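# Reading the structure
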Amino acid sequence: MSDEPAISKPAEAERGNSGDVKTQKTPPNAVLPVTKPHRHVVSAQVYDVLTLLLVFRFINAIVLRTFFQPDEYFQALEPAWNLAFGDQSGAWLTWEWQHQLRSSLHPAIFGLAYKAAHWFLPPFFPPAFETFVLEALPKLIQSVFAALGDFYTWRLATSIFGDESNIPWTALWMTVLNPWQWYCSTRTFSNSLETTLTIAALYYWPWDLLQDAKSDKQEPLQVKGNLGSLRASLILAAVAVLLRPTNLLIWLGVLTLTVTRLTLDGESPIKRSTLLVLAKEIIVCGSAVLAVSLISDRLYFGFWTFPPYKWLYFNISQSLAVFYGDMPWHYYLSQGIPLLTTTFLPFALVGLYKSTSSSKTLTILQSNILKTLSFAVLSMVGTLSIVSHKEVRFIYPLLPILHILAAPYVFNFFAAPAASAASAAATTTPAEGNAAPATSTTTGPVTLRHKISLANLLCVNLLLATYLSIFHQPAPLSVMTFLRTEFERIHPDSLSLDSSSVDQAVPKQELFALFLTPCHSTPWRSHLAYPALRARALTCEPPLHTQPGSRERREYLDETDRFYQASPKKEDGLYGVEFLREEMWGGDGHLTSCNGNQEEIPRFIVGFEGIEEVLKKFFGEDKKGREMGVELKKVWEGWNGAFNEDWRRRGRLVVWDTGVYDEVIAQQKGSVF
């Protein structure tokens, strides 16, 4: 890998109305292998790329059949289901929604889609088909956002390096072939939408603010189209910040270098009038988005609230984020960025390092843009490293930036000028050859080199994407399909999605499924669908009633912790039995629900295979368990991956029939045949 990327080097660069970097006139004796594409060709090319990306991410969404993290469902689809079908729909609203920590803007997208589908489908299709569509719909919507994220990564790279450069295509291939993108971009995380909003906002940002004042005497925001582009950028950025307040760190980094020009080259084109316009637009656009958000939250929660403040209060002031994990300071450096970039990590690190200094192969504007993007990455990673609770998803919006920073070095390492272009450059006079020495290496036809390394890199990416999207933790999704189809078979007259019209054929006390798994190990109502399908799972609510640093908080155990805690009274250390006897089932063999109500024994118990001995010991040896008359029978099991970092989730996911409804099932089967 060479020290400098091979980038087309115009004599001086300026920003055009289209947002792309344009070059001034090249000396007449220079030899250019290719010419700048006609605008109609570029327009058709943009349309074709976007179409292909939409198709690609649609396939991505359909193929992805695994579970990653609970927020995909409980911070998006559960509140969306509640919005579409009401409070009695059985949607599981976690404590963040009960205390208004989250903006309603994100789930509103899926909630409106649920409503539209529910309005259109019932007159024409049976309930089973409707639930199938409702399960797939959010992923298909998210596939559009994912494709737009890829598209704007390519467009931003094009605006930096030019339409004629091959580097934007390298950035596009990197985002398409990145296994993290394949694994996460079509999931309904707020971070996934935040990533798309961020890269789109960066594309529309008027980068002319970073140019050298000597190259253009006109104020950047007076250039035609730049003011409208600024407004689009600010609106998208404001939505991203409302969804995820930490996104503000990216924009503080961009604004800091834009205004102060620390480490940037050239003379600032920003005058006092430019700063006033910039401040005014930030206030106006930010206020407009904030007003929409406040109204949306008012309609969703039923009263006025400001989720970003609640988020900061609970996670920072009350230190509740630590309850979900405390990672070392270097987590993002040692795990976060490597997981995001995977096989592109060496190129991303080189890109980050090289972009912090000026380069002879870059124009002043190109260099300043890359410096600003690099500063945004470093400032966000540095700030979030101070916070105790860390997740890779929190720095996901930086991935498109890393792709753009790494693209010149990926291209320079794996590509070389085609023979025709190389020979054309070789036949020029010395003066001609010195006019634009790097042009032929980034424009026009190229040949691949280091092909074995490239093949290995692509194979690793393909294997990672295939395993993670098909074979790693598929059971949490497939078990919900099993339970839903069983409910459709057993209670065919109770398949309404309208909670107000739930058929009385389902006994009010029938608990269809009990999940003895770590909390939020599976999706919930977005996959179970029917409000008559009652289910119960172990919870993990944080200690909201305790003070930071108090002994009560240190010793707090949620319901999941108490279930998996080994009993100190037993020499074998077997967990769960005491919890089932003392907490889960009260007098007369009833299940104690979260709200204290008494419920019957569940029809099915769902858990990872590690709890089988716990269930056998409780129902077979414990006095209270034996009195309940449960005879466990394994009716379903699903592969859940070759490994899992959480010992509680290792092994297959299993469904046991408790046997208390065998007579009912037999009658149902008899009526069918």
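Nothing here was measured: the structure is a model prediction, and the numbers come from that model.

Parameters at a glance
Residues numbered from 1 in each chain as written. Predicted model: local features only at pLDDT ≥ 70, side-chain atom pairs only at ≥ 80, totals over all residues. Heavy atoms only, no water. Buried < 20%, exposed > 50% of the residue type's maximum accessible area, 1.4 Å probe, protein only. Helix = DSSP H or I, 4+ residues; strand = E, 2+ residues; numbered from the N terminus. Pairing = 2+ DSSP bridges. Core = buried A, V, L, I, M, F, W, Y, C linked by side-chain atoms within 4.5 Å. Phe/Tyr/Trp six-rings, centres within 6.5 Å; stacked < 30°, edge-to-face > 60°. Lys NZ or Arg CZ within 6 Å of the ring centre and 35° of its normal. Axes fitted to C-alpha atoms, helices over the stretch in contact; angles between N-to-C directions. Parallel < 35°, antiparallel > 145°, perpendicular 65-115°, else oblique. Left-handed = near helix turned anticlockwise from the far one by under 90°. Contact = heavy atoms within 4.5 Å. Nonpolar A, V, L, I, M, F, W, Y, C, P; charged D, E, K, R; others polar. Expected span 1.5 Å × (residues − 1). Disulfide = S-S within 2.5 Å. pLDDT = per-residue confidence, 0-100. Lys, Arg positive; Asp, Glu negative; His and termini not counted. Salt bridge = Lys/Arg side-chain N within 4 Å of Asp/Glu carboxyl O.

### Quick word on the pairing of strand S11 (residues 653–657)
Of all 5 residues making up S11, 5 are buried, and the element is well covered by its neighbours. The side-chain alternation of S11 yields two buried faces, one formed by Leu653, Val655 and Asp657 and the other by Val654 and Trp656. Where strand S9 (residues 604–608) meets S11, 5 bridges bridge the pair, whose relative direction is antiparallel. The residue of S11 that forms the bridge with Phe608 is Leu653. Sheet topology places strand S10 (residues 633–638) next to S11; 5 bridges connect them, and they run antiparallel. Counterpart to Lys634 in the pairing with S11 is Trp656.

### Overview of the nonpolar core
With 83 residues, the main nonpolar core has Leu202, Trp205, Trp207 and Leu373 as its most contacted residues. Among the elements that line this core, the one with the most residues is helix H17 (residues 399–414), at 12 residues. Counting 55 residues, the second largest nonpolar core, distinct from the first, contains Phe145, Leu243, Ala529 and Val606.

### A word on the packing of aromatic side chains
Tallying each qualifying case throughout the model produces 48 aromatic pairs. Plain terms: the ring middles of Tyr203 and Tyr204 are 5.0 Å apart, the flat faces sit at 70 degrees to each other, and that makes the pair edge-to-face. Aromatic side chains Phe618 and Phe619 sit 5.0 Å apart centroid to centroid with 70 degrees between the ring planes, which places their arrangement in the edge-to-face category. Residues Phe618 and Phe619 agree in their burial class; the two are buried. Through pairs of rings, three or more aromatic residues link up here, namely Phe151, Tyr152, Trp154, Trp169, Tyr203 and Tyr204. Sitting above the plane of the Trp304 ring, Arg298 keeps its charged end 5.8 Å from the centroid. Above the plane of the ring of Tyr564 lies Arg648, whose end atom (NZ or CZ) is 5.4 Å from the centre.

### Points about the packing of helix H5 (residues 105–120) against helix H6 (residues 127–161)
For the pair H5 and H6, interaxial distance at closest approach is 10 Å and the crossing angle is 140 degrees. The pairing of H5 with H6 is recorded here as oblique in orientation. Regarding H5 and H6, the two cross each other, and that crossing is right-handed. Residue-level inspection shows Ile109, Phe110, Ala113, Tyr114, Ala117 and His118 of H5 in contact with H6, the latter providing Glu130, Leu134, Leu137, Pro138, Ile141, Gln142 and Phe145. Each residue belonging to the contact of H5 with H6 can be placed in one class, and the counts come to 10 nonpolar, 2 polar and 1 charged.

### Things to note about the packing of helix H9 (residues 190–204) against helix H11 (residues 248–260)
Direction vectors running N to C along H9 and H11 enclose 15 degrees, while the axes themselves pass 11 Å from each other. When the axes of H9 and H11 are compared, the pair comes out roughly parallel. The interaxial crossing formed by H9 with H11 has right-handed handedness. Between H9 and H11, the residues in contact are Thr198, Ala201 and Leu202 and Ile250, Trp251 and Val254, respectively. The class makeup of the residues in the contact of H9 with H11 is 5 nonpolar, 1 polar and no charged.

### Concerning helix H16 (residues 364–384)
For H16, with 21 residues, the first-to-last C-alpha span of 30 Å sits near the 30 Å given by 1.5 Å per residue. Burial analysis of H16 places 16 of its 21 residues in the buried class, the great majority of the element.

### Focus: the environment of Leu370
Looking at the element boundaries, Leu370 is found in helix H16. Residue classification places Leu370 among the buried residues on the basis of a relative accessible area of 7%. Along the backbone, Leu370 and Lys354 are 16 residues apart, and their C-alpha atoms lie at a distance of 9.2 Å.

### Description of the state of the cysteines
This structure, assessed with the given rule, holds 1 disulfide. A disulfide bridge connects Cys519 with Cys540, and the sulfur atoms are separated by 1.9 Å. Every disulfide takes its handedness from the sign of the S-S torsion; for Cys519 and Cys540 that torsion is 80 degrees, giving right-handed. A residue pair is termed long-range when its members are at least 10 positions apart, and Cys519 in the loop between strand S5 (513–515) and helix H23 (525–528) and Cys540 in the loop between strand S6 (535–537) and helix H24 (551–554) qualify at 21 residues. In this structure Cys540 comes out as buried when scored by relative accessible area, which is 9%.

### Section: unusual backbone geometry
Only a minority of non-glycine residues have a phi that is not negative, and only a minority of peptide bonds are not trans. In the Ramachandran plot, Gln100 falls in the positive-phi region, its phi being about 60 degrees despite a non-glycine side chain. At Gln473, a residue that is not glycine, the phi angle is positive and equals roughly 65 degrees. Assignment of secondary structure puts Gln473 in the loop between helix H21 (451–471) and helix H22 (475–490). On the basis of relative accessible area, Gln473 is assigned to the buried category, the value being 9%.

### Focus: the sheet that holds S10
Spatially, S6-S5-S9-S11-S10 is the arrangement adopted by the 5 strands of the open sheet, whose pairing is mixed. Two strands in the sheet have a free side with no partner beyond their single neighbour: S6 and S10. Neighbouring strand axes in the sheet, compared pairwise and without regard to direction, differ in orientation by 20 degrees on average. Taken strand by strand, helix H27 (residues 612–620) contacts S9, S10 and S11, and its axis lies near 140 degrees from that of S9.

### Regarding the confidence of the model for the protein
Of all residues in the protein, 84% attain a pLDDT of 70 or more, and the chain-wide mean is 86. Across residues 6–34 the pLDDT falls below 50, and counting only partners more than four positions away or on other chains, this stretch makes 71 contacts in the model. Confidence over residues 666–673 falls short of pLDDT 50; this stretch has 4 contacts with residues more than four positions distant or in other chains.

### A closer look at the side chain of Arg244
With respect to the helices and strands, Arg244 occurs in the loop between helix H10 (226–243) and H11. Of the side chains with opposite charge, Glu194 comes closest to the buried, unpaired Arg244, at an N-O distance of 4.1 Å. What Arg244 contacts, discounting residues up to four positions off in sequence, is Arg102, Ser190, Asn191, Glu194 and Phe394.

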